[in-house]
Amino acid sequence: MVSYAYVVPLLPLFAFGLQSLFGRALGRATAWVGIACLAASTAVSLAVLAEVLRGAEAAVSWPWLSLGGATFSMGVRVGPLEAAMIAMVTFVSLMVEVYSVGYMAGDAKFNRFFAIVNLFVGAMLVVVLADNFLLLFAGWEIMGLASYLLIGHWYHDLANARAATKSFLVTRLGDIGLLIGIFVCYQAAGTLDFAVIDAGAASWAPGVATLAALLIFAGAVGKSAQVPLHVWLPDAMAGPTPVSALIHAATMVAAGVFLVARTYPVFEASGTALAVVAVVGGVTAFLAATVGTVQADIKKMLAYSTISQLGYMMLGLGVFGYAAALFHLLSHAFFKALLFLGSGSVIHAARGEQDMHRMGGLFRKLPLTGLTFIVGGLALAGIPPFAGYFSKDEVLLTAWENERWLFWLGAATAGITGFYIARGIYLTFFGRPRDAELYTHAHESPPVMAVPLVVLAVFAAFFGWLGSASLGRLVQAFLALPGEAEPEAAWYAAASTIALAAAGVVAGGLLYGAARPELRAHLVRVLRPVYVLFREKWYFDHLALGATGLGLAASAFVGWFDRTVVDGLVNAVAWFTGVLGQASRRLAVGDAQAYMLTMAGAVLVGLAALLGLGVSRP
Amino acid sequence: MTGVLTVAVFAPAAGALALLFLPAGRVRAIRAFATAVMAVPVAAVAFGAALFRYGEPGLQLVDRATWIPSLGISYFLATDGISLVLLALSALVGLLACIASYGIDERVKEYFVVLLLLQTGVLGVFAAQDLVLFYLFWELVLVPMYFIIGIWGHGRKEYSAIKFILYTMVASLLMLVGILALYFLTGAHSFALPDLVRAGAGLPAGIQWWLFLAFFLGFAVKVPVWPFHTWLPDAHVDAPTPGSVMLAAVLLKLGAYGLLRIALPAFPEAAHRFAFTLALLGVIGIIYGAFAAMAQRDLKKLVAYSSVNHMGFVLIGLAAATPLAVDGAVFQMVSHGLVSAMLFLMVGVFSDRFGTRDMTRFRGLYTLMPLAATFMAIASFANLGLPFLSGFIAEFYTLLGAWPVYPTVVAVAAGGLLLTAGFNLWMMQRILMGAPLPSQAGTPEMTPREIATLAPLAVGVMLLGVLPAAVTGWFDLPVREIVARLGGM
């Protein structure tokens, strides 16, 4: 089975082809064509995973292009990293797609949605399985296209169109770094194949490895929404909610973390690059969590939590916690997909309302959604024994061993995370209903949406056990690089993260559940500067706006310059020639022959000049 | 003598001659006849491609006859893989432009006569292996284009037509000087291109430099190389749709082809000295073209400036002179041919319906005309270099091949991809997304004829994006020969 892994991406891509060509004829069945193909793909992925767990590996490749004396081949390779990723990606995406049948039921562009979801998943699987940089980059960009199309799904509204454009452009900024990084690797390794690059990276000149790694990381920063290229992700909420679940969990943002893992030997060859990864990750985790504390929109809150959690993963990779980071990637995929689908269920019930301040008390109306959302929230907050606890703990313990201040930054972030998710849960599900009409009409979602929630909740609750010390740290052992050491179980470090996370949850719960609103208002007054800083998202959006303004100003200048100066010069030359012509008219007799003669003369003069030059410079 | 190339090149001219005897009023017959004639080069080139032996170096499908032996001028048509792929592109685009010309309803007979003559000129340039013949075809291209813009154009058409012909005429006079000087200075007593290219390389560096400059300027205007590009937006905007298609898809390739075929291999020393400047001009074209495109409100001008942007990649590829980079550059010529033809055809589809090309005056096309919007989106994404579409392959290999030679230039050019994405996405946001204007309700979808012109191009763009080997096998070998002449890696 493992050597047939290439059908894993082909199945959803095949579905995309069917769906886009025959969408009209298929009608509502379009969704089920996609789901059937994705289910088959999931089955193959699980079979592959089962074999890889028993030690199988595979690499299959075909010659594709022979150019300029070099041969470029296309293929897939499957090891533990790929097997785990494809299993997670197909499974979570399948849940999202099933859920979408309910969520998108009334949408006018139902078919378009399902076709692009399959394209999205297929592209992600290409990224995961690609055995060379070119194929990876191709999948990477197609994923960018799919997310652009889905974020702009409701393109009638120009705000959504703008969000789509923004997401494409911001991620492309990172992609350009990746592209140049690929050039550097090709020059150093003489090929685009990962097998050769991985094997050789350690012997590259340190400068080359650093340059390559940092450029590749730029791509990861864009895709995985790390500071400062994270600005596109909160806007990506413009798409339908299941899209958010897809982007934030199984695909897209996971790809950036995966990319660093995929090219890890290049990063390992350069200490500088790893340090940069760690710092960017840690800072991102912290900044995004702080912004998450002041969001009113349930999806925006989750978006900032994604950025923050991705920061943890980068932090882990940066401090040599390869297996820890990937473990967190997997567990995050389950609980974040769950949280987003849960928020979708809430929004669905609230007929499109996303402002948590207008919700409240919804637990009584949406018990299943509420329960699963709380499971997801506890996993996110890192409360044992939920999934997020084990994986985040692993990342932080690695940081403790390698870079103490990053550990404290991460631990503080854990506290903030507990706070904002407790706040979000409380505002949404508990307290008294703040909008009577919204509350009265709220209803639980249909089974097609509920089943994925339950399945994902099971994973969010129990997946972490697989990585726990009591079960022999199965996940990490499976994913670990040869020779990778497991972090020492520093109980005081682990205890402080749990304590901080719990404190955060309790503080959030108390402040929003028990305290009087006046206390909150008072706190906001006292902490005004900090509050504003969070509210304004540390002013990164202003930066993005400024860059856009600069670009537009430059383009306006070039437009003017071209018309006025460059073309002006051309016309000035023409005018001057015309004046000369008028002046010389007296010399000319006015018949065609004379002009021909003049022209021939001019040519001859030019020729003579050239010949003269030739003679004078032998 | 296979005669294949002679048939391909002269069938349109013969058709033009025959067209003169058709009564001007029989518009449908004229269109059908012209289209049939345009199909002949397509068939001939396809036949030639079938005969072509791809593993063998050198010129094939040779049609050669003595013409003016005392001056060493011969009738000499032949092709290698580079010419062959450009002949195929030109034949295809010519046919599609002809089909796209059915909307022309003024002086129809004259129009098709001129269009057919243009096609003979274009195919002749790519097939000619004698420099005198090359020059004749080169000049033959200018005059029909002048009429197409000046008579069947719109807006300031006389101004644009005269600007086009003066600018390119001055350039080709420089080239003529270069051709004559090359002939006399080498004493080759032959105008055959292979002879002259071989002899040119033997000239002293100082002379090579001046000759190179003459040829370069001759070709640069056509490419167009920044800052010799300002005729292009004017000519494009005021030309009728099929004229813009021919101009962007085929005529711009003549300049790049001339550089690759003559200016670089004939004067390798000068080319070497000039290479960095060429790369620099290329990257300026990329950045400048993208910014200028972004500044436009007129959709057609945006597309026109995007040509300046894309031809910049060709220059970088040629300047770097590594096999991968030059392969990428040739691929870009083909890819840009298909993509720009698509874009200009789509501009025609829209402006025919809305009576304007101002992007603030129509929008919501995904809703209004989903099929047309899809074609436009495919073309725009190909234009911004999305993988699995042809433009990506071209730009990726051009930059990959040029990276070791000019890392800084490549880095800036890659940065330009952000701007390219920017103006394309912004354009799509403005015209494809949003809600349609009420005044546009009931706008008809694309007609079958319009679909027939777009669909082959879209298929080509996707096919080349997935299986570039479909054409790289044609030109990879001759590209490596030229690179070897240039002493590249």
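Residues numbered from 1 in each chain as written. Chains lettered and ligands numbered in written order. Predicted model: local features only at pLDDT ≥ 70, side-chain atom pairs only at ≥ 80, totals over all residues. Heavy atoms only, no water.

(A) Highlighting the overall build of chain A. Scanning chain A from N- to C-terminus turns up 26 helices and two strands. Dimensions of chain A, computed from C-alpha atoms along their principal axes, come out at roughly 100 × 55 × 55 Å. The buried share of chain A, reckoned over its 618 residues, is 58%. Taking as baseline every contact in chain A between residues at least 6 positions apart, the subset at least 24 positions apart corresponds to 81%. Surface summary for chain A: the accessible area is close to 23000 Å², and the carbon and sulfur share equals 70%. (Helix = DSSP H or I, 4+ residues; strand = E, 2+ residues; numbered from the N terminus. Buried < 20%, exposed > 50% of the residue type's maximum accessible area, 1.4 Å probe, protein only. Contact = heavy atoms within 4.5 Å. Areas by Shrake-Rupley, 256 points an atom, 1.4 Å probe, with all protein chains shown as cover.)

(B) Expanded view of the overall build of chain B. When helices and strands are tallied, chain B shows 19 helices and two strands. The globule rule puts the C-alpha radius of gyration for 489 residues at 23 Å, and the 21 Å found for chain B is close to it. Residue pairs at least 24 apart in sequence account for 80% of intrachain contacts in chain B once pairs closer than 6 positions are excluded. Element-wise, carbon and sulfur atoms account for 69% of the exposed surface of chain B, whose accessible area totals about 14200 Å². Across chain B, 26 positive and 22 negative side-chain charges occur, with their mean positions spaced 5 Å apart. (Rg over C-alpha atoms; globule rule 2.2 N^0.38 Å. Lys, Arg positive; Asp, Glu negative; His and termini not counted. Charge placed at Lys NZ, Arg CZ, Asp CG, Glu CD.)

(C) Broad picture of the environment of Ala84 of chain A. All names here are of chain A. Looking at the element boundaries, Ala84 is found in helix α3 (residues 80–103). In the structure, Ala84 is positioned 434 residues away from Glu518 in sequence and 49 Å away in space, judged by C-alpha atoms. Contact partners of Ala84, with chain neighbours within four places excluded, come to Leu49, Leu330, Phe478 and Leu479.

(D) Looking closely at the environment of Leu131 of chain B. Residues and elements named next belong to chain B. Considering the arrangement of structural elements, one finds Leu131 in helix α5 (residues 131–152). Distance in space between the C-alpha atoms of Leu131 and Ile73 is 8.2 Å, their sequence separation being 58 residues. The contacts of Leu131, once residues within four sequence positions are left out, are Ile179, Leu182, Phe191, Leu193, Leu196 and Ile262.

(E) The arrangement of the nonpolar core in detail. Core analysis: the biggest nonpolar cluster contains 413 residues, and Phe72 of chain A together with Phe350, Phe381 and Tyr397 of chain B have the highest contact counts within it. The dominant element in this core, judged by the number of residues it contributes, is helix α13 (residues 323–354) of chain B, at 20 residues. For Tyr397 of chain B, the contacting residues outside a window of four places in its chain are Trp64, Leu65, Leu67, Phe72 and Leu134 of chain A together with Leu324, Ala325 and Gly328 of chain B. Of all hydrophobic cores here, the second largest spans 17 residues; its members include Tyr312, Ala324, Val395 and Trp400 of chain A. (Core = buried A, V, L, I, M, F, W, Y, C linked by side-chain atoms within 4.5 Å.)

(F) Here's a closer look at a nonpolar patch on the surface. Residue and element names in this part refer to chain A. Together, Val454, Val458, Phe462, Trp465, Leu466, Leu471 and Leu474 make up a nonpolar patch on the protein surface, roughly 610 Å² of accessible area in all. Of the residues forming the nonpolar patch, the biggest block, three residues, is contributed by helix α20 (residues 447–462). Secondary-structure assignment places Trp465 in the loop between α20 and α21 (474–479). Since its relative accessible area comes to 35%, Trp465 is described here as partly exposed. (Patch = residues over 30% accessible without salt bridge, like charges linked within 9 Å, V, L, I, M, F, W, Y side chains within 5 Å. Salt bridge = Lys/Arg side-chain N within 4 Å of Asp/Glu carboxyl O.)

(G) Looking closely at the interface of chain A and chain B. Contacts between chain A and chain B engage 58 residues on the former and 67 residues on the latter. Carbon and sulfur atoms make up 76% of the area that chain A and chain B hide from each other, which totals about 5700 Å². Looking at the side of chain A facing chain B, the largest losses of area belong to Leu67, Arg172 and Phe183 of chain A, adding up to 11% of the total buried there. Connecting chain A to chain B are two salt bridges. Salt-bridge contacts for Asp567 of chain A lead to Lys163 of chain B; the nearest nitrogen and oxygen are separated by 2.5 Å. If one sorts the elements of the side of chain A that touches chain B by residue count, helix α6 (residues 158–189) of chain A sits on top with 17 residues. When the residues that make up the side of chain A that touches chain B are grouped by side-chain class, the tally is 38 nonpolar, 13 polar and seven charged. (Buried area = accessible area lost by both parts, 1.4 Å probe. Nonpolar A, V, L, I, M, F, W, Y, C, P; charged D, E, K, R; others polar.)

(H) Here's a closer look at the packing of aromatic side chains. Considering all chains together, one arrives at 64 aromatic pairs over all chains under this definition. With a centroid separation of 4.9 Å and 75 degrees between ring planes, the pair formed by Phe407 of chain A and Trp408 of chain A is classed as edge-to-face. Residue Phe407 of chain A is classed as buried on the basis of its relative accessible area of 0%. Assessed through its relative accessible area of 43%, Trp408 of chain A is described here as partly exposed. With centroids separated by 4.9 Å and ring planes inclined at 15 degrees, the aromatic side chains of Phe354 of chain B and Phe362 of chain B adopt a geometry described as stacked. Phe362 of chain B sits in the buried class, given a relative accessible area of 0%. Clustering of aromatic rings is evident, with ring pairs tying together Phe72, Phe137, Phe183 and Tyr186 of chain A together with Phe392, Phe396, Tyr397 and Trp403 of chain B. In this arrangement the basic side chain of Arg28 of chain A is found over the ring face of Phe110 of chain A, its NZ or CZ atom lying 3.9 Å from the centre. If you follow Lys365 of chain A out to its NZ or CZ, it ends over the ring of Tyr439 of chain A, 4.9 Å from the centre. (Phe/Tyr/Trp six-rings, centres within 6.5 Å; stacked < 30°, edge-to-face > 60°. Lys NZ or Arg CZ within 6 Å of the ring centre and 35° of its normal.)

(I) Quick look at the pairing of strand β2 (residues 70–78) of chain A. All names here are of chain A. Summarising burial for β2: seven of the nine residues are buried, a large majority. Here nine bridges tie strand β1 (residues 58–67) to β2, and the two strands are oriented antiparallel to one another. When the sheet's bridge partners are listed, Ser66 is paired in β2 with Thr71. Between β1 and β2, which pair antiparallel in sequence order, lie two residues; one of them, Gly68, sits at a positive phi of approximately 55 degrees. (Pairing = 2+ DSSP bridges.)

(J) A look at the side chain of Asp567 of chain A. When you line up the elements, Asp567 of chain A lands in helix α25 (residues 540–584). Taking relative accessible area as the criterion, Asp567 of chain A reaches 4% and is therefore assigned buried. What Asp567 of chain A contacts, discounting residues up to four positions off in sequence, is Asp562 of chain A together with Tyr159, Lys163, Thr230 and Asp234 of chain B.

(K) Molecular detail of the environment of Ala254 of chain A. Residues and elements named next belong to chain A. Inspection of the secondary structure puts Ala254 in helix α11 (residues 253–262). The class for Ala254 is buried, based on a relative accessible area of 1%. For Ala254 and Pro384, which are 130 residues apart along the polypeptide, the C-alpha to C-alpha distance reads 24 Å. Those residues in contact with Ala254 that sit more than four places away from it in its chain are Met124, Ala249 and Leu329.

(L) Representation of α13 of chain B in the model. All names here are of chain B. Between its first and last C-alpha, α13 extends 46 Å over 32 residues, near the 46 Å set by a 1.5 Å rise per residue. Across the 32 residues that make up α13, a large majority, 31, are buried. Once α13 ends, the next one or two residues include Gly355, with phi positive near 65 degrees. (Expected span 1.5 Å × (residues − 1).)

(M) Just the confidence of the model for chain A, in detail. Within chain A, residue pLDDT values average 88, and 94% of them lie at 70 or more. Predicted confidence for residues 613–618 of chain A stays below pLDDT 50, and this span has five contacts to residues more than four positions away or in other chains. (pLDDT = per-residue confidence, 0-100.)

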